[in-house]
Amino acid sequence: MQQSEQEQQKEQVIAQNEIPDLIINPYEVVNNSKKQIDYDKLIQSFGCQRIDQAHIDRIQALTQKPVHHYLRRGIFFSHRDLTQVLDAYEAGKGFYLYTGRGPSGDSMHVGHLMPFIFTKYLQEAFDVPVVIELSDDEKFFHKSETTLEEYQRYGYENAKDIIACGFDVNKTFIFLSSQYAGHMYHNICKFQHAITYSQLRGIFGLNESDNCGKVAYPAVQAAPSLSSSFKHIFGKDEVMCLVPQGIDQDPYFRMTRDVCYKLKVPKTGCIHSQFLPGLHGFGTKMGTTDPTSAIFLTDTPKEIEEKIKKHAMSGGGMTKKEHQEKGADLTVDVPYHYLRFFLEDDARLEEIRVQYGKGVMMTSEVKKELITVITKIVTEHQQRRALVTDEIVQKFMELRPLSNYPPKKNN
Ligand code: TRP
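Residues numbered from 1 in each chain as written. Predicted model: local features only at pLDDT ≥ 70, side-chain atom pairs only at ≥ 80, totals over all residues. Heavy atoms only, no water.

1. Let's talk about the overall build of the chain
Now for step 1: Secondary structure assignment for the chain yields 20 helices and nine strands.
Now for step 2: Relative to the globule expectation of 22 Å for 411 residues, the C-alpha radius of gyration of the chain, 21 Å, shows essentially globular dimensions.
Now for step 3: Considered along the principal axes of its C-alpha atoms, the chain spans approximately 65 × 60 × 40 Å.
Now for step 4: Looking at the chain residue by residue over its 411 residues, the buried ones come to 54%.
Now for step 5: Accessible surface, the chain: about 18,700 Å² in total, of which carbon and sulfur atoms supply 52%.
Now for step 6: Distance from the positive charge centre (49 side chains) to the negative charge centre (53 side chains) of the chain: 3 Å. (Helix = DSSP H or I, 4+ residues; strand = E, 2+ residues; numbered from the N terminus. Rg over C-alpha atoms; globule rule 2.2 N^0.38 Å. Buried < 20%, exposed > 50% of the residue type's maximum accessible area, 1.4 Å probe, protein only. Areas by Shrake-Rupley, 256 points an atom, 1.4 Å probe, with all protein chains shown as cover. Lys, Arg positive; Asp, Glu negative; His and termini not counted. Charge placed at Lys NZ, Arg CZ, Asp CG, Glu CD.)

2. Digging into the pattern of salt bridges
Now for step 1: Per the stated rule, a full pass over the model turns up 29 salt bridges.
Now for step 2: Between Glu306 and Lys302 there is a salt bridge, and its shortest N-O distance comes to 3.6 Å. Here Glu306 pairs with Lys302, and both are found in helix 15 (residues 301–311), just four residues apart, close to one helical turn.
Now for step 3: Judged by its relative accessible area of 56%, Lys302 falls in the exposed class. (Salt bridge = Lys/Arg side-chain N within 4 Å of Asp/Glu carboxyl O.)

3. Section: the side chain of Asp137
Now for step 1: With respect to the helices, strands and loops of the structure, Asp137 is situated in helix 7 (residues 136–142).
Now for step 2: Buried Asp137, no salt bridge; nearest opposite-charge side chain is Lys139, N-O distance 9.5 Å.
Now for step 3: Dropping the residues within four chain positions of it, Asp137 is found in contact with Leu148, Ser177, Tyr217 and Val220. (Contact = heavy atoms within 4.5 Å.)

4. Examining the site of the ligand
Now for step 1: The immediate surroundings of the ligand are formed by 14 residues, with Gly102, Glu133, Glu138, Gln221 and Gln249 found nearest.
Now for step 2: Contact distances for the ligand include 2.9 Å between a nitrogen atom and a side-chain N or O atom of Glu133.
Now for step 3: Here a nitrogen atom of the ligand sits 2.8 Å away from a polar atom, N or O, in the side chain of Gln249.
Now for step 4: When isolated, the ligand has an accessible area of 370 Å², and the protein chains bury 91% of it.
Now for step 5: For the shell around the ligand, the element with the most residues is strand 5 (residues 95–101), which contributes four residues. (Near = heavy atom within 4 Å. Polar contact = N/O pair within 3.5 Å; in protein donor to acceptor, adjacent residues only side chain to side chain.)

5. Focus on the packing of helix 17 (residues 334–342) against helix 18 (residues 346–358)
Now for step 1: The contact between helix 17 and helix 18 brings their axes to 10 Å, and the two run at 165 degrees. Looking at the two axes, helix 17 sits roughly antiparallel to helix 18. In the crossing of helix 17 with helix 18, the sense of the turn from one axis to the other is left-handed. For the pair helix 17 and helix 18, the contacting residues are Tyr336, Leu339 and Arg340 in the first and Leu349, Ile352, Arg353 and Tyr356 in the second.
Now for step 2: Of the residues in the contact of helix 17 with helix 18, the class split is five nonpolar, no polar and two charged. (Axes fitted to C-alpha atoms, helices over the stretch in contact; angles between N-to-C directions. Parallel < 35°, antiparallel > 145°, perpendicular 65-115°, else oblique. Left-handed = near helix turned anticlockwise from the far one by under 90°. Nonpolar A, V, L, I, M, F, W, Y, C, P; charged D, E, K, R; others polar.)

6. Details of the nonpolar core
Now for step 1: Core analysis: the biggest nonpolar cluster contains 72 residues, and Leu71, Phe95, Phe126 and Tyr338 have the highest contact counts within it.
Now for step 2: The greatest single-element share of this core, amounting to nine residues, is contributed by helix 6 (residues 110–126).
Now for step 3: There are two domains that each give this core at least three residues, and those are domain 1 (5–279) and domain 2 (291–385).
Now for step 4: What Leu71 contacts, discounting residues up to four positions off in sequence, is Ile51, Ile56, Ile59, Phe76, Phe118, Tyr121 and Ile271. (Core = buried A, V, L, I, M, F, W, Y, C linked by side-chain atoms within 4.5 Å. Domains from an automatic or database assignment.)

7. Some points on the sheet that holds strand 7 (residues 172–176)
In a beta sheet, neighbouring strands pair by backbone hydrogen bonds and run either parallel or antiparallel.
Now for step 1: Strand order in the open sheet made by the seven strands is 3-4-9-8-5-6-7, with mixed pairing throughout. The open sheet is flanked by strand 3 (49–50) and strand 7, the only strands paired with a single partner.
Now for step 2: With two bridges joining them, strand 3 and strand 4 (residues 76–80) adopt antiparallel strand pairing. By the bridge assignment, Arg50 is partnered in strand 4 with Ser78.
Now for step 3: Sheet strands touched by helix 5 (residues 82–90): strand 4, strand 5, strand 8 (240–246) and strand 9 (269–273). Its angle to strand 8, the strand with the most contacts, is close to 135 degrees. (Pairing = 2+ DSSP bridges.)

8. A word on the side chain of His69
Now for step 1: Along the polypeptide, His69 turns up in helix 4 (residues 69–72).
Now for step 2: Sequence-distant contacts of His69, that is, excluding residues within four places in its chain, are made with Arg340, Phe341, Phe342, Leu343 and Glu344.

9. As for the packing of aromatic side chains
Now for step 1: Applying the stated criterion across every chain yields a total of 27 aromatic pairs.
Now for step 2: Ring centres 4.9 Å apart and planes at 45 degrees place the aromatic pair Phe204 and Tyr252 in the tilted group. Highlighted residues: Phe204 in helix 11 (residues 197–204) and Tyr252 in helix 14 (residues 250–263), separated in sequence by 48 residues. Per residue, the accessibility class of Phe204 equals that of Tyr252, and both read buried.
Now for step 3: One aromatic cluster in this structure is built from Tyr96, Phe173, Phe175, Tyr180, Phe230, Phe234 and Tyr405.
Now for step 4: A cation over an aromatic ring shows up here: Arg254 above the ring of Phe46, its NZ or CZ 4.3 Å from the ring centre. (Phe/Tyr/Trp six-rings, centres within 6.5 Å; stacked < 30°, edge-to-face > 60°. Lys NZ or Arg CZ within 6 Å of the ring centre and 35° of its normal.)

10. Topic: the domain arrangement of the chain
Now for step 1: Segmentation of the chain into domains returns domain 1 (5–279) and domain 2 (291–385).
Now for step 2: In this complex, domain 1 contributes 23 residues to the contact, which on the side of domain 2 involves 29 residues.
Now for step 3: Summing the contributions of domain 1 and of domain 2, the shared interface buries around 2,400 Å²; its carbon and sulfur component is 59%.
Now for step 4: The largest share of the area that domain 1 buries against domain 2 comes from Arg73, Val110 and Leu279, three residues that together contribute 35% of it.
Now for step 5: Across the domain 1-domain 2 interface, the total number found is four salt bridges.
Now for step 6: Asp346 serves as the salt-bridge partner of Arg73, at 2.7 Å between the closest nitrogen and oxygen.
Now for step 7: For the interface between domain 1 and domain 2, the tally reads 17 residue pairs in polar contact (both at pLDDT 80 or more). (Buried area = accessible area lost by both parts, 1.4 Å probe.)

See below:
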């Protein structure tokens, strides 16, 4: 009986996506199509917008800096109200960035870094404040594998990986939601007041046997989208918020934006990323249950090399002859796809696309290049992380003004 009710709830969430073989919500991402997700269809069914060249050109013009390859290559591909956020910036009112992570004890993999790498780029390019939520409460309610105290501890550990992405301590505030919630409780209440249980069921697929925390939590993820949740940074100012996020988080912010409208405050802006697939291929996931499915931030160069060589799904021909005749199928090739995410050099990437696609370049060569690129990223990350002490984490978590708010008037 209970099983069938849960199944029914799932149906609702799947029905919202309207795409066969694809489930995307904050608690589940399943792509059974074995191919790259059709992100255009996803945009359509979620009702968000594609980031177009005009946005990219405008960001370049406003920041006077080369635009991050995640934007150039459509890895951050979709948005809500990005135009309004850029308008606010151009008008000298500024905006702030908000992102987060549900802390887990499992070591983080390279895919987890994407929103943070991108947020750090935006912080530098626009020189705006960043707030980062570590939702220990969310993981406690949803995963329930250990105590709340343990999820808090994971939060501190994950904060070190986040800080190692290069955030500026004077411009970044990191908080654990179970500890900071009191400071934004007035806003949490407003969200809870504005959302009904049946709406939550519709959005998140909850049911009567779920714990109350799951019902209460969405307001805790929504509240940091209002600048009045951070009085120590913004005082009484109303500042627009932009949330870099994986597209699976969009349901939270659809709900948030609905309530913003009711509260008569500017709607939260969103900017969404695609998913990095697991090494075993499109439609597979990265996870600690199968260590060969992902590159973890704690992997050694040897492990990285072995994983990519042995486990990264290739779209190359079965034999050398076949490969040279037909070329590689880049739509299923993981090494090439990973290079799109991690190789910054556009000219080299294009060369690989053409040469490998034609069958001139072999899978082994592409893998070798990927190994070099990822090994550098991971080892440098490890070196920076080793320097992040508990004291440094504390500094990021202290309630204090940030040096780049209010924005300096320079135009
Ligand atoms: N729900 C996110 C997760 O499970 C964590 C999170 C909290 C978050 N606040 C956020 C993600 C804001 C993006 C933006 O990982």
